[in-house]
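Residue-level listing of the chains:
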Amino acid sequence: MKQDHLLVLASDEYLLPGFIDLHIHAPQWPQAGLALDRPLNEWLDQYTFPLEARYQDTEFAQQVYERLVPELLANGTTTALYFGTIHNTANLILAKAAIKFGQRALIGKVAMDNPNQTPEYYRDDSAKVALQQTEQFIQQVEALHVDIGGNVTPVITPRFIPSCTDETLLGLGQLAQRYDLPIQSHCSESNWEHQFVIDRFGLHDAQVLDKFGLLTNRSVMAHATQLDTQDAALFRSRGTAIAHCPISNAYFGNGVLPVNRLLNQHNKVGLGSDISGGYSPSLYENCRQAVQSARILEDGVDTKLSPEKRGVINSRISMKTAFYLATTGGADSLNIPAGKIEVGKMADLQIVQDQNNCFSVDPADVLERLMYQTNRNNIKKVFVGGQLVHQN
Ligand SMILES: [Zn+2]
C-alpha cells in the first residue's frame, strides 16, 4: 500500500489489523497436531526434542521455515514472536525467511543446558555455551540487518526454568539488560512444570524469573495457567505480558487462564498459537478457542457439583476481547506501534472477505461473524509496514 495510493475494497471486504502471534515454536511446524493426547513431558521427550534436534540440518531448516512464514502471513499473522532452536545457523535461516517474505519477526535462540532435564543429543553443552551462542545470535541478527535490512529482533529465550541451570538463567537476565532486548519463556505452564520449579527453588516460576532479571516490561511469558494472585501482581509491577495460548492450554495447561480477571486487573495479555502445543497456525482459531475456554471456565465441567459451585464467575470473554488479544494486546505486549488502524501505527493490515455478506446483520456484529467464519481463503491481502506480503 504505497503512500497516496487509494486501494478500494469491494463491498464484502473489510480491513482489519494484522494479527500478532505472541508465542510460536517455528521448528515444531512439521509436527503440528501430533501427540496432543500425551502428557507434556512425554510430548517433549518423544516428539519435540527429537524434531528440534534435526535443525542442525540447515536444508531441513530452510525447507520448514520457508513454508511456515508464508503460511502464517496467509493466515493474517503479520508479527510473530518465535522460539527457534539451539542452532544459530538454523535460527538465522528463520530470520532470513521472515525478511524474504516480509514478516515482522522476533526470534530467540533457545537456551537449554540443564543436563537433568534435556536430552544429551539436544542441549547446550554448558551455561557458557548457552550464553555465548545467545550473544552470537544477537550479533548475527545485527549483521544481517547491515547486509540485507529487514525487521527482525533477537529475543533472550530460556526455554523454561526446568531446562536451564541457574548460571544460564542469571546470564540471560544480564544479556537482556546489556543489549536491552525482549525476553520470552514459558511460565507456570502446567501442574508438572509449576511443581518442578517449587521443588527446585521453593518458589513459583514468576518469582524465579524475577530473581534472575527475566521479568521486565519487555518480557512475554507463555501460558501462565498456574499463576496465583501474587504472581499476577508481580507480572503487573514488572510490566510483563502473558501470551495466552488457549488451544495449547486445552491439551497441556491443566487449567484455563482467567483472561477476563487478568485484563480487569490490567495485566498485559496477548494471544499465541503455541505451534505445536497448539495445532493451528491461525489466530482466528485461537480467538475462537479463547472464547470457548473462557466460557467453559465460567460454567465449570464437573456435573457432580451443583451449577453454582462448578465454575468461576465472570470468566466469559467476548469475541471482541479475543480480537483485542490478537491485535492491540499483542502490540502492547511487544511495545510496538501496531495492532490498530490509526495514525501513528504501522500499516500491518489484512483485507478479509465476509463470505456471508449476503445475510445482513447489524454492522456491530460483522466483526464477530468475520472472526468466527474467516478461513485462509477469505484473507485476500496482507500488508506489513504497508508492503503487500500476501495475496489470495
Ligand atoms: Zn511453547
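Peer 1: Which parts of the structure should I look at to understand the overall build of the protein chain?
Peer 2: Of the regular secondary structure elements, the protein chain holds 14 helices and 12 strands. What you see for the protein chain is a C-alpha radius of gyration of 20 Å, in line with the 21 Å of a compact globule of 392 residues. Long-range contacts, defined here as pairs at least 24 residues apart, represent 75% of the contacts in the protein chain between residues at least 6 apart. Summed over all atoms, the accessible surface of the protein chain reaches about 16600 Å², with 47% contributed by carbon and sulfur. Averaging the positions of the 32 positive and the 42 negative side-chain charges in the protein chain gives two centres separated by 3 Å.

Peer 1: Whenever I open this one, the coordination of the zinc ion confuses me. Can you help?
Peer 2: Coordination angles at a metal have ideal targets, namely 109.5 degrees for four tetrahedral donors and 90 or 180 degrees for six octahedral donors. Surrounding the zinc ion are the protein donor atoms His23 (NE2), His25 (NE2), His186 (NE2) and Asp274 (OD), which sit 2.1 to 2.6 Å from the metal. Here the zinc ion is ringed by 4 donor atoms whose angles at the metal span 85 to 172 degrees, and the overall shape comes out irregular.

Peer 1: In this structure, what is going on with unusual backbone geometry? I would like to understand it.
Peer 2: Only a minority of non-glycine residues have a phi that is not negative, and only a minority of peptide bonds are not trans. The residue after Ile275, namely Ser276, is reached through a cis peptide bond having omega 5 degrees. The residue Ser276 is located in the loop between β9 (268-271) and α11 (283-299) in this model. Of note, the phi angle at Asp180 is positive, near 50 degrees, even though the residue is not glycine. Relative to the assigned elements, Asp180 resides in the loop between α5 (166-179) and β6 (183-187). On the basis of relative accessible area, Asp180 is assigned to the exposed category, the value being 52%.

Peer 1: What is the right way to read the side chain of Thr328 from this model?
Peer 2: Mapped onto the secondary structure, Thr328 falls in helix α13 (residues 319-334). Of the polar contacts made by the side chain of Thr328, one reaches the backbone oxygen of Gly339; its length is 3.3 Å. Beyond its immediate sequence surroundings of up to four residues, Thr328 is in contact with Gly339 and Lys340.

Peer 1: Is there a simple way to explain the sheet that holds strand β12 (residues 387-391) in this structure?
Peer 2: In a beta sheet, neighbouring strands are held together by backbone hydrogen bonds and run either parallel or antiparallel to one another. Taken together, 4 strands build an open sheet; the order of strands is β1-β10-β11-β12 and the sheet is antiparallel. What marks the edges here is a single partner per strand, and that holds for β1 (13-17) and β12. Averaged over all pairs of adjacent strands, the angle between their axes in this sheet comes to 20 degrees, without regard to strand direction. Where strand β10 (residues 349-353) meets strand β11 (residues 379-384), 4 bridges bridge the pair, whose relative direction is antiparallel. Along β11, the bridge assignment pairs Ile351 with Lys381.

Peer 1: Please explain the nonpolar core as it appears in this structure.
Peer 2: Across soluble globular proteins, nonpolar side chains show a tendency to be buried alongside one another. Counting residues in hydrophobic clusters, the biggest one holds 87 residues, and the most contacted among them are Tyr65, Tyr82 and Ile156. Contacts of Tyr82, omitting those with residues within four sequence positions, involve Ile24, Ala26, Leu68, Val69, Leu72, Leu94, Gln103, Ala105, Leu106, Ile107, Gly108 and Gln184. By size, the runner-up hydrophobic cluster in this structure holds 14 residues, among which are Leu44, Met112, Tyr122 and Phe160.

Peer 1: Is there a simple way to explain the environment of Gly171 in this structure?
Peer 2: By the secondary structure assignment, Gly171 is in helix α5. Measuring from C-alpha to C-alpha, the distance between Gly171 and Leu297 comes to 38 Å, with 126 residues separating the pair along the chain.

Peer 1: Even after reading the chapter, I still don't get helix α8 (residues 229-238), so can you show me in this structure?
Peer 2: Because each turn of an α-helix spans 3.6 residues, side chains separated by three or four positions in sequence point in the same direction. Within α8, the full set of buried residues consists of Asp231, Ala232, Leu234 and Phe235. Seen from one end, α8 has its buried residues packed into an arc of 155 degrees, which puts them on one side. In α8, the exposed residues that point more than 90 degrees away from the buried face are Thr229, Gln230 and Ser237. For α8, the side-chain oxygen to backbone nitrogen distance between the N-cap and Gln230 is 3.1 Å, and the N-cap itself is Asp228. Within two residues after α8, Gly239 carries a phi angle of roughly 75 degrees, on the positive side.

Peer 1: What should I look at first to understand the pattern of salt bridges in this one?
Peer 2: Working definition: two side chains of opposite charge can pair if their charged atoms are close together. Using the criterion set out here, one finds 13 salt bridges in the structure. A salt bridge links Glu66 to Lys100, with the nearest nitrogen and oxygen atoms 2.9 Å apart. Of the two residues, Glu66 is situated in helix α2 (residues 58-74) and Lys100 in helix α3 (residues 88-101); the sequence distance between them amounts to 34 residues. Between Arg376 and Glu71 there is a salt bridge, and its shortest N-O distance comes to 3.1 Å. Taken together, the residues Arg376 in the loop between α14 (363-373) and β11 and Glu71 in helix α2 connect sequence positions 305 residues apart. For Arg376, a relative accessible area of 35% corresponds to the partly exposed category. Assessed through its relative accessible area of 18%, Glu71 is described here as buried.

Peer 1: Just to check I follow, could you spell out α13 for this structure?
Peer 2: Between its terminal C-alpha atoms α13 stretches 22 Å, which fits the 22 Å expected from 16 residues at 1.5 Å a residue. Maximum bend of α13: about 45 degrees, positioned at Leu325. Burial analysis of α13 places 13 of its 16 residues in the buried class, the great majority of the element. Within two residues after α13, Asn335 carries a phi angle of roughly 55 degrees, on the positive side.

Conventions used here
- Residues numbered from 1 in each chain as written.
- Predicted model: local features only at pLDDT ≥ 70, side-chain atom pairs only at ≥ 80, totals over all residues.
- Heavy atoms only, no water.
- Helix = DSSP H or I, 4+ residues; strand = E, 2+ residues; numbered from the N terminus.
- Rg over C-alpha atoms; globule rule 2.2 N^0.38 Å.
- Contact = heavy atoms within 4.5 Å.
- Areas by Shrake-Rupley, 256 points an atom, 1.4 Å probe, with all protein chains shown as cover.
- Lys, Arg positive; Asp, Glu negative; His and termini not counted.
- Charge placed at Lys NZ, Arg CZ, Asp CG, Glu CD.
- Donors = N, O, S within 2.8 Å, 3.2 Å for Na, K, Ca; no water.
- Tetrahedral: all angles 85-135°; square planar, octahedral: opposite > 155°, others 65-115°.
- Buried < 20%, exposed > 50% of the residue type's maximum accessible area, 1.4 Å probe, protein only.
- Polar contact = N/O pair within 3.5 Å; in protein donor to acceptor, adjacent residues only side chain to side chain.
- Pairing = 2+ DSSP bridges.
- Axes fitted to C-alpha atoms, helices over the stretch in contact; angles between N-to-C directions.
- Core = buried A, V, L, I, M, F, W, Y, C linked by side-chain atoms within 4.5 Å.
- Arc of directions from axis to C-beta.
- Salt bridge = Lys/Arg side-chain N within 4 Å of Asp/Glu carboxyl O.
- Expected span 1.5 Å × (residues − 1).
- Bend = angle between axes of the 7 residues up to and from the residue.

Just geometry here; none of it tells us what the structure is for.
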